[in-house]
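Take a look at the letters that make up each chain.
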Amino acid sequence: MAAAEAFTNRQTQWNLVAAVLADHLRHVADPAFDVEDLERPRNNVIVFHGVGGIGKTTLSRKLEAALAGADQRPTQWGEPAWSGERILPVRIDLSRSAGTTFEDLILTLRAALTELGQPLPAFDIALRRYWEQQHPGENLEEYLSRRGLAARFGKAMPQQMQSALSDVAQALLLPGTVGTAVGALTGSLVKALRERRQTVRALAGCARLEALLEAEPDLDALSFYPHLLAWELAQLPANKKTVPVVLLDTFEDVGDRTYRDLERLIQRTVWLMPNVFFVVTGRSRLQWADPGLQGQLDYTGPTAWPGLASPAGGVPAARGSAADGWRCCSQPTP
């Protein structure tokens, strides 16, 4: 066996992921957990960082495989405490060579959730409205195929979106717009939904849907739509409950330390999805717990991100082996 064929010496990293994911699962299962609470500190991210060439991308890929199924998990890693839970790993390459935009990140998250086989009407309505405004005349299904998302996750996403829009139009007693709504979300459907959301059982409890449909459907608004995805996940029936684990690789390519526009959008996504667990790999630690970044990012400081700051408020303590260049920013039990 060649050395390249073996994945070794990463037991510590796996143990950390397994432990904090177990904490996360207990946290979101707590009856007191509220997915719509936008003020509570966040503990849904773990970060592995270190110099180039030590295998961060390989680790990210191996974690994705190990989370997807026990048959893909190295035997020596053992069986985690949460074995049997429905985990949905979604790995997103943020490298410049991959050309991943924020739009692609959001579409990837939605495409991956087609595996649930459940309608996600709150998010799908907002996304369709955004797409028609920002990409007039561009077919979403063709875009997904062009970006490789259809091949990776299947072609069910456009069909699920169309079905959700049709169901909402029928619930709003707008039979004349059903055909139009399936092909293109009309202003009449959005207007009716804003006025009579409570009549649509699947959307009645989504407190912020109306405000998000009122907002101009631009990129900034799109960055708030993950809240709708998080809400949809929280509504899943018990036999469909799934916890996504999003692996964001090559985070150093998100931007530099001066221009944080994309980082702001991604951080907002992490914050608005407290029931989703994020694993970040990159060359530098996340600075989100640094108070000095206030104004550059939406949520900063050790109070917002207690697991990304040391007790003294400085650089998080290193975990794992320092000898091979690894550092890990983790989080305490919620």
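None of the values given here were measured: they were computed from a predicted structure.

Each value, and the rule that gives it
Residues numbered from 1 in each chain as written. Predicted model: local features only at pLDDT ≥ 70, side-chain atom pairs only at ≥ 80, totals over all residues. Heavy atoms only, no water. Helix = DSSP H or I, 4+ residues; strand = E, 2+ residues; numbered from the N terminus. Buried < 20%, exposed > 50% of the residue type's maximum accessible area, 1.4 Å probe, protein only. Contact = heavy atoms within 4.5 Å. Areas by Shrake-Rupley, 256 points an atom, 1.4 Å probe, with all protein chains shown as cover. Polar contact = N/O pair within 3.5 Å; in protein donor to acceptor, adjacent residues only side chain to side chain. Axes fitted to C-alpha atoms, helices over the stretch in contact; angles between N-to-C directions. Parallel < 35°, antiparallel > 145°, perpendicular 65-115°, else oblique. Left-handed = near helix turned anticlockwise from the far one by under 90°. Nonpolar A, V, L, I, M, F, W, Y, C, P; charged D, E, K, R; others polar. Core = buried A, V, L, I, M, F, W, Y, C linked by side-chain atoms within 4.5 Å. Pairing = 2+ DSSP bridges. Salt bridge = Lys/Arg side-chain N within 4 Å of Asp/Glu carboxyl O. Phe/Tyr/Trp six-rings, centres within 6.5 Å; stacked < 30°, edge-to-face > 60°.

### With respect to the overall build of the protein
Next, step 1: Looking only at helices and strands, the protein has 13 helices and five strands in total.
Next, step 2: Per-residue burial for the protein yields a buried fraction of 52% across its 334 residues.
Next, step 3: Partitioning the intrachain contacts of the protein with sequence separation of at least 6 by distance along the chain shows that 73% fall at a separation of at least 24.
Next, step 4: With an accessible surface of roughly 14800 Å², the protein has 49% of that area assigned to carbon and sulfur atoms.

### Here we look at the side chain of S223
Next, step 1: If you trace the backbone, S223 turns up in the loop between α11 (219-222) and α12 (226-234).
Next, step 2: Within polar-contact distance, the side chain of S223 engages the backbone oxygen of D220 at 2.5 Å.
Next, step 3: Side-chain polar atoms of S223 contact the side chain of R268, separated by 2.6 Å.
Next, step 4: Not counting chain neighbours up to four residues away, the residues in contact with S223 comprise F102, L265, R268, T269 and L272.

### Brief notes about the packing of helix α3 (residues 102-112) against helix α13 (residues 261-272)
Next, step 1: The N-to-C vectors of α3 and α13 enclose an angle of 20°; their axes lie 10 Å apart at closest approach. Judged on the interaxial angle alone, α13 and α3 are roughly parallel. At the point where α3 passes α13, the crossing takes the right-handed sense. Residue-level contacts link F102, L105, I106 and L109 of α3 to L262, L265, I266 and T269 of α13.
Next, step 2: Residue composition of the contact of α3 with α13, by class: seven nonpolar, one polar and no charged.

### What about the nonpolar core?
Next, step 1: Counting residues in hydrophobic clusters, the biggest one holds 77 residues, and the most contacted among them are L107, L193, Y225, L228, L248, F251 and W305.
Next, step 2: Among all residues touching W305, those that are not within four sequence positions of it are R42, N44, V45, Q267, V270, W271, W288, A289, Y299 and T300.

### Here's the deal with the pairing of strand β3 (residues 243-249)
Next, step 1: Where burial is concerned, most of β3 is hidden: seven out of the seven residues are buried.
Next, step 2: As paired strands, strand β2 (residues 87-93) and β3 are joined by seven bridges and run parallel to one another. Bridge pairing links I87 to V243 in β3.
Next, step 3: Both β3 and strand β4 (residues 277-282) contribute to a ladder of four bridges, which runs parallel.

### Considering the side chain of T242
Next, step 1: Residue position: T242 is located in the loop between α12 and β3.
Next, step 2: A relative accessible area of 10% places T242 in the buried class.

### Quick look at the pattern of salt bridges
Next, step 1: Scanning the entire structure with this criterion turns up 13 salt bridges.
Next, step 2: Across the pair R146 and E138 runs a salt bridge, and its minimum N-O distance is 2.7 Å.
Next, step 3: Overall, the relative accessible area of 54% leaves R146 in the exposed class.
Next, step 4: Linked through salt bridges whose partners overlap, the residues forming this network are D220, R264, R268 and D298.

### Observations concerning the packing of aromatic side chains
Next, step 1: Applying the stated rule across the entire model yields seven aromatic pairs.
Next, step 2: For the ring pair W271 and W305, a centre distance of 5.3 Å and an interplane angle of 75° mean the geometry is edge-to-face. You can see W271 sitting in helix α13 and its partner W305 sitting in the loop between β4 and β5 (326-329), a full 34 residues away along the chain.
Next, step 3: The buried category is assigned to W271, whose relative accessible area is 3%.

### Section: the environment of T250
Next, step 1: Looking at where T250 falls in the secondary structure, it is placed in the loop between β3 and α13.
Next, step 2: A relative accessible area of 13% places T250 in the buried class.
Next, step 3: Spatially, the C-alpha atoms of T250 and S284 are 9.8 Å apart, while their sequence positions differ by 34 residues.
Next, step 4: With residues up to four places along the chain from it excluded, the contact list for T250 reads T57, D93, L94, S95 and T281.
Next, step 5: At 3.4 Å, the side chain of T250 forms a polar contact with the side chain of D93.
Next, step 6: In this structure the side chain of T250 is engaged in a polar contact, spanning 3.5 Å, whose partner is the side chain of D249.

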